[in-house]
Structure formats: C-alpha cells, structure tokens
Amino acid sequence: MLDSKAKLLDTETAPDVPDAPYPGLVTLGATENGDLLLAELLHTGTLLLEGTADDVLAVGRAMALEAGTCGWTDHTEIMTVGLGTRLATLLPRGRVRPMPHVSAVVADLGALLLEVHQQADDASTPEPLPWILICAGDVDTEQAWQLADAVSAARNLPIAIVLPANDATRNAFPTAEPIAAAPGTPVTLPQLSDDAVQLQRLTDEQYHQYVHALQVAEKPAEPATGTWQLAEPHDQTAAAPRPQPHPLLRIRTSPAEADSDPGSPYPALLASVNATAAPPAAQNAPAADTSDAGVGEAGPEADEAVGTGAGPSAASSGAGQDEAGAEDSGEGWQAPEIAVLGPLAVSGVTTSGHGPKVAALAALIHLRPGRSAEVLCTAMDPVNPWSTRTLQSRLSELRSRLGTAPDGSPYLPRPAHGYSFHPDVTSDWQRFQHLATRGLADPDAGTADLENALCLLRGKPFEGRDFSWADAVQQKMISRIVDTAHTLAVRHTEGDQPDLDAARRAALRGLEIDETSEVLYRDWMNIEWGAGNTAGVRKAIARLQQVARTYDISLEPVTEQLIDLVLSDQSGATRYARSSRT
C-alpha cells in the first residue's frame, strides 16, 4: 500500500519520468467499500492462486489483461501460459506473449539470464525489462523445479510469477504467498493491507465479449457504398482560400477551378451524382426539409440504402423532431421512434422499473431485425442470458407501451420469422441517414440537409450504455457522423465567401462524437489558420496532442506535416486575416 504521506507526481512532472516506477502494478481486487487494492507484482514475489482451474483462469486472465493494457507497463515482458492466444493478438499493445507451456517459459527466462550475464561488463547496456509470468495452465513437478531454479539464478532481476497452487508449485516455491481464487471468498494479504478484498476476475463470458469488441475494432473499414461514396475524402481538408495555398491546404474556390484541377475529386463526384438516380424522397423534398422520410432497413448490413417507401408515419416524437411531416399528411398520429444518437430512448418507454431493459430490447430488435427468441435472450445478457419467460414479459411490456398503428396492427407484431417492428417504427439513426445521404447527393443545395442531420445528435450513439451486440453498428454510426461533419466543414469553407464559423461548428460537433478523428482536427486547424486565429490554432493542436497521449496513438504523417505548417506560418495567417477584413 502507498504511504498516505507520500508525495505524488503532478501532471506536469509525470511525463518527464523516463520509466514507470511500478511496471508490475495490477489491481488484485476491491474491498467492500469499493477501495481498490493494487499490488506491485515485482515486489510481492511469487503468488499462488488456489482454486479450481476455472477460478485460477478467471483471476489470472484479469491480471494479464490489466498488465497488458495499462500505461505503466509500457516496457514490460508479460508471459502467459494457459490463457489462450486470441487476446494477445488483439490487444493494441504487443506486450503479452502466450507460451505453450512452462518449459518454454523456462527456456525464455534462461535466454534472458544468459543475455544479462554476457552484457554484464558493458556499462552502456540498458537494464533488462521487467519480466512477468502469469500461468493458469498445468505445472508438473519437473517444470516447477526448473522454473524455481531459473528464478533463483535470476537474483536481483525484476521478475514476477503468478502460478496455480498445487503440490508441485508449493514445494518448489515454499515462501510464495497463497491467494484464494474462488469467487465470493474474501482475501487478506497482511503485507499489503488488513482489509479483505474480492479478487478481480474475468469470466469466460466477459472474455468473449472483450475479444469480440477488439475484433470489431480491428476490422478494416468497409468501402463506402451508395451516396456515402460522395462524402468528402479524408485527405481533403476544410480550409479557407489563401494566396498560393500549400498542397495540404488546397481547396476549390470555384466550379471552374474544380473542373480544371485534375486532383480535385469534384468532377468524379458530380458525375457519380448525375449517374445515380436520386430516391423519390430526395427529388421531391426541399433542401431544408427536416421531415424524417423513412430509410428502409433490413438490418445493420443494409443501412447504407436509402428507402423509397417513406410515408407520413415517419414523423415522430423524438427530440428536435419537426412535426410538419405529420401535419402535411393530414394524420394526427405519430409512430414510435427509437432514439440512439445519444442516450437510448424509446417513445412511450419510461426510465423507471424495467424501462431501460425494455428500451434496450427495442433498440436490439430495430437494429437487428429478424432475430429469434434465443438470440435475443443471449444478446440482452451474454453473461446470464434471459430466460424465455423473462423475454416474453419484456416483449409484452414493449408491445403494450408502443401500442398499435392506424391499421390496427401492433407496432411489435408477433414473430413469424424472428422479431421485427412494424414498418412505421423509425429511429433518429434512420432520419440521420436519410438527411445525410440526400445532402451528400446534392453538393449545391444539400448543405442544409447535412446541417439538419447533425442537429439530430444528442450525444454519442448509445451514450452511457454498453451493448456488445451494438459494437459494429455503433462504430458505423460514428464513422458516418464524422464523414458528415467533415463534408459539411469542407463545403462551408468553399467559394468566395466561406463561412468559417459554420465550418468550425461542424468540425467541433463531429469531435464531440469522436474525439480521436484526425480529419476533423485537420479541418479545425485549417479553419483557425485561415481565420488568422493563432490562439485557435494552438488550442486545436494542444487538444489533438492531449488526445494522442491519452489514447497512446501516433498521429498520421499528414497531420504532423499540417501541424508543422500552421505553426511555422502564423505570420502569414495574420496577414491574410487583415487583408480579408480590409
């Protein structure tokens, strides 16, 4: 435990520390009051996990996952045995190295000892990296003694070992600290704390969810289809026109220039628009129309297509909804809406009682239509799947709250081939897609549609909630929002009279949804640079660099070049701003 009187590093001093002072620090568990107990494995010696194979696996997996992802183990070798290989290959940092058995670990440790011995007389040799073994597999007597001999020979090297407790490991490591790994068993470690803790663990279900989320994150971006191909490419930066612009700040100031510039994407985009038949709703609706003509959706895989069957039922009671659609149609009713572009909300479903679960179930059925009862039960709670009886109760409540359509059919019909809503049930995500795709298809008059699409955002998709089944569609939503914000920022900076305030609002609105989007930071920097706003440029750069440090990511080369450019040309920006005002 850390001395309560110890002086902690402040945020300004911490980045200057070359190496993490506690590279083996992991969370062992939490007390009844919620206080975390952290242990420096490199100082605690060998730990033996007592319990069943599943219990040892759950605790060991939690230790390995934390050690492999936290910022203070950036320079640490972490060996695992019996924890599987999938997680190690998906983690963003390549620290965890799965080994097939303990004998292979002993061989690796032996090679480390030989390397240290051979370089002992070389003063320029860096200190060996901390070496941690977390084992949940079988360890026989011979392997245990081999490992004990290797650890003994290591002497003062930074080594930590976590093993399953059995007769072999107890005999080979008689001074090791035993820890009960069974769930619900309070654990007390006198050398760390007098308070009992519940060990941190990662069950099989949680492990599979985590792996699934990492797999979704690692998948390459799917090529845009339909009108999403008309979104501005990310190498096209929103920027005001400037004298003799740098290639990174190249923009198109007039249609004639766009036609004559072979590097401009506009001729191809315009040709694509002319060659693509616009949906009837896009042809007939005015540019600033905010009515939510429906987008047909057969599932997340089909959410690219713009529906053609928009009807009066598309009007809803969602936040920011314009009721003109319902009035124009002469109908006095409003179909339910499922709002996912922010905190999850469903028309008629309250937040009390089972309301949050019912709303989550509605979102699942809407975004994943046609699923069976078994799939819904598992998706709603992968760790403890719902029973069929629980599902039926929630479906009945949802059906009652949504009511019936004007034709008398319920908005949540009885399933024929899986659960799906009545076609009139819509969502803010559908309305966003309709407005955005219509705006992208009309470079001249579609800017208002893009503005209205961004106005539908109430926050990040599913803000405050985490659903494993929504990982893929959530990433798609964020990607589409970024594309829309970027395209809007570019359009506002084009022409002879760019609207830099509107462009800035679009870029910042997109950054509220995805704070790591470099293309929006480049837009922001160029907008401030074009306005001659030195403070704004530095603010954008500082925020981007802070995000990069927080998420431990490297900036794209084009972003780094742009930062160097705008910082080296502040005087030019100021001159341009003055000339523009005069």
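No experiment lies behind these values; they were computed from the predicted model shown. (Residues numbered from 1 in each chain as written. Predicted model: local features only at pLDDT ≥ 70, side-chain atom pairs only at ≥ 80, totals over all residues. Heavy atoms only, no water.)

1. Considerations on the overall build of the protein chain
Assigned secondary structure in the protein chain consists of 22 helices and 12 strands. Per-residue burial for the protein chain yields a buried fraction of 48% across its 582 residues. For the protein chain, restricting intrachain contacts to residue pairs at least 6 apart in sequence, the fraction spanning at least 24 positions comes to 67%. Accessible surface, the protein chain as shown: approximately 28,300 Å² in total, 51% of it carbon and sulfur. (Helix = DSSP H or I, 4+ residues; strand = E, 2+ residues; numbered from the N terminus. Buried < 20%, exposed > 50% of the residue type's maximum accessible area, 1.4 Å probe, protein only. Contact = heavy atoms within 4.5 Å. Areas by Shrake-Rupley, 256 points an atom, 1.4 Å probe, with all protein chains shown as cover.)

2. Considering the nonpolar core
Among the nonpolar cores identified, the biggest contains 81 residues, and Ile-338, Val-340, Leu-341, Phe-421, Phe-432, Phe-462 and Trp-469 are the most heavily contacted of them. Core analysis: the next-biggest nonpolar cluster, separate from the first, contains 38 residues, Leu-42, Ala-64, Ile-179 and Leu-214 among them. (Core = buried A, V, L, I, M, F, W, Y, C linked by side-chain atoms within 4.5 Å.)

3. As for unusual backbone geometry
Residue Phe-462 is not a glycine yet carries a positive backbone phi of 60°. Its place among the elements puts Phe-462 in the loop between α16 (447-455) and α17 (471-492). The phi torsion at Asp-552 lies on the positive side, around 55°, for a residue other than glycine. Residue placement: Asp-552 occurs in the loop between α20 (534-551) and α21 (557-568). For Asp-552, a relative accessible area of 43% puts it in the partly exposed group.

4. Things to note about the pairing of strand β3 (residues 46-50)
Most of β3 sits out of view: four of its five residues are buried. The sheet contact formed by β3 and strand β7 (residues 159-164) spans four bridges and is parallel. What sits directly across from Leu-49, in β7, is Pro-164. Where β3 and strand β8 (residues 177-180) come together, four bridges link them in parallel fashion. For Leu-47, the partnering residue across the bridge sits in β8 and is Glu-177. (Pairing = 2+ DSSP bridges.)

5. Focus: α17
The terminal C-alpha atoms of α17, which comprises 22 residues, lie 32 Å apart, in line with the 32 Å expected from a rise of 1.5 Å per residue. Where burial is concerned, most of α17 is hidden: 19 out of the 22 residues are buried. (Expected span 1.5 Å × (residues − 1).)

6. A few points about the side chain of Thr-559
Assignment of secondary structure puts Thr-559 in helix α21. By relative accessible area, Thr-559 is classed as buried at 0%. Setting aside residues no more than four positions away along its own chain, Thr-559 makes contact with Glu-518, Arg-522, Met-525 and Leu-544.

7. Quick notes on the sheet that holds strand β12 (residues 426-427)
Strand pairs in the sheet, formed through backbone hydrogen bonds, run parallel or antiparallel to each other. Pairing within the open sheet is mixed, and its three strands lie in the order β11-β10-β12. Two strands in the sheet have a free side with no partner beyond their single neighbour: β11 (345-346) and β12. Pairing of strand β10 (residues 337-339) with β11 involves two bridges; the strand directions are antiparallel. Within β11, the position partnered with Ile-338 by the bridge is Val-346.

8. Topic: the sheet that holds strand β9 (residues 198-199)
The antiparallel open sheet is built from three strands, whose spatial order is β2-β1-β9. Both edges of this open sheet fall to β2 (36-40) and β9, since each of them pairs with a single strand only. Sheet topology note: the strand β1 (residues 25-30)/β9 ladder contains two bridges and is antiparallel. Counted as the bridge partner of Gly-29 is Leu-199 from β9.

9. So, α16
Every buried residue belonging to α16 is among Thr-447, Asp-449, Leu-450, Asn-452, Ala-453 and Leu-454, and all of these are buried. In this structure, the buried residues of α16 make contact with α15 (428-440), α17 and α18 (500-513).

10. Comments concerning the confidence of the model for the protein chain
Counting all residues, the mean pLDDT for the protein chain is 78, and 76% of those residues have values of 70 or more. Predicted confidence is poor over residues 250-255, with pLDDT under 50, and the contacts of this stretch with residues over four places away or in other chains come to 25 contacts. Segment residues 257-331: pLDDT under 50, and 122 contacts once partners within four positions in sequence are set aside and those in other chains are kept. (pLDDT = per-residue confidence, 0-100.)

11. Focus: the packing of α15 against α17
The axes of two packed helices give the description: the angle between them and the distance between them. Axis separation between α15 and α17 bottoms out at 11 Å; the angle between their running directions is 35°. The crossing of α15 and α17 is left-handed. Where α15 approaches α17, its residues Trp-429, Phe-432, Ala-436, Gly-439 and Leu-440 are matched on the opposing element by Lys-476, Met-477, Arg-480, Ile-481, Thr-484, Thr-487 and Arg-491. Of the residues assigned to the contact of α15 with α17, the class counts are six nonpolar, three polar and three charged. (Axes fitted to C-alpha atoms, helices over the stretch in contact; angles between N-to-C directions. Left-handed = near helix turned anticlockwise from the far one by under 90°. Nonpolar A, V, L, I, M, F, W, Y, C, P; charged D, E, K, R; others polar.)

12. A few points about the pairing of β7
Burial analysis of β7 places six of its six residues in the buried class, the great majority of the element. A two-sided burial pattern is seen for β7, the buried positions comprising Ile-159, Ile-161 and Leu-163 on one face and Ala-160, Val-162 and Pro-164 on the other. Across four bridges, the pairing between strand β6 (residues 131-135) and β7 is parallel. Pairing of Ile-132 across the sheet is with Ala-160, part of β7. For the handedness criterion, the β-α-β arrangement of β6, helix α5 (residues 141-154) and β7 is classed as right-handed. (Right-handed = clockwise from strand over helix to strand, strands pointing away.)

13. A word on the environment of Glu-518
Note on placement: Glu-518 falls in helix α19 (residues 518-530). Note on Glu-518: relative accessible area 9%, which makes it buried. In sequence terms Glu-518 and Glu-556 are 38 residues apart; their C-alpha atoms lie 7.8 Å from each other. Those residues in contact with Glu-518, other than ones at most four positions away along the chain, are Leu-544, Ser-554, Leu-555, Glu-556 and Thr-559.

14. Points about the environment of Arg-399
Assignment of secondary structure puts Arg-399 in helix α14 (residues 388-402). Judged by its relative accessible area of 13%, Arg-399 is buried. In the structure, Arg-399 is positioned 22 residues away from Phe-421 in sequence and 9.8 Å away in space, judged by C-alpha atoms. For Arg-399, the contacting residues outside a window of four places in its chain are Pro-410, Leu-412, Pro-413 and Arg-414.

15. Focus on the packing of aromatic side chains
The tally for this structure, following the rule as stated, stands at five aromatic pairs. Ring centres 6.0 Å apart and planes at 85° place the aromatic pair Phe-462 and Trp-469 in the edge-to-face group. Considered together, Phe-462 and Trp-469 belong to a single accessibility category, that of buried residues. Taken together, the ring pairs in this structure connect Phe-462, Phe-467 and Trp-469 into an aromatic cluster. Looking at Arg-61, its charged tip hangs above the ring of Tyr-207, at a distance of 4.3 Å from the centre. When the ring centre of Trp-228 is taken as origin, the NZ or CZ atom of Arg-480, which lies over that ring, is 4.9 Å away. (Phe/Tyr/Trp six-rings, centres within 6.5 Å; stacked < 30°, edge-to-face > 60°. Lys NZ or Arg CZ within 6 Å of the ring centre and 35° of its normal.)

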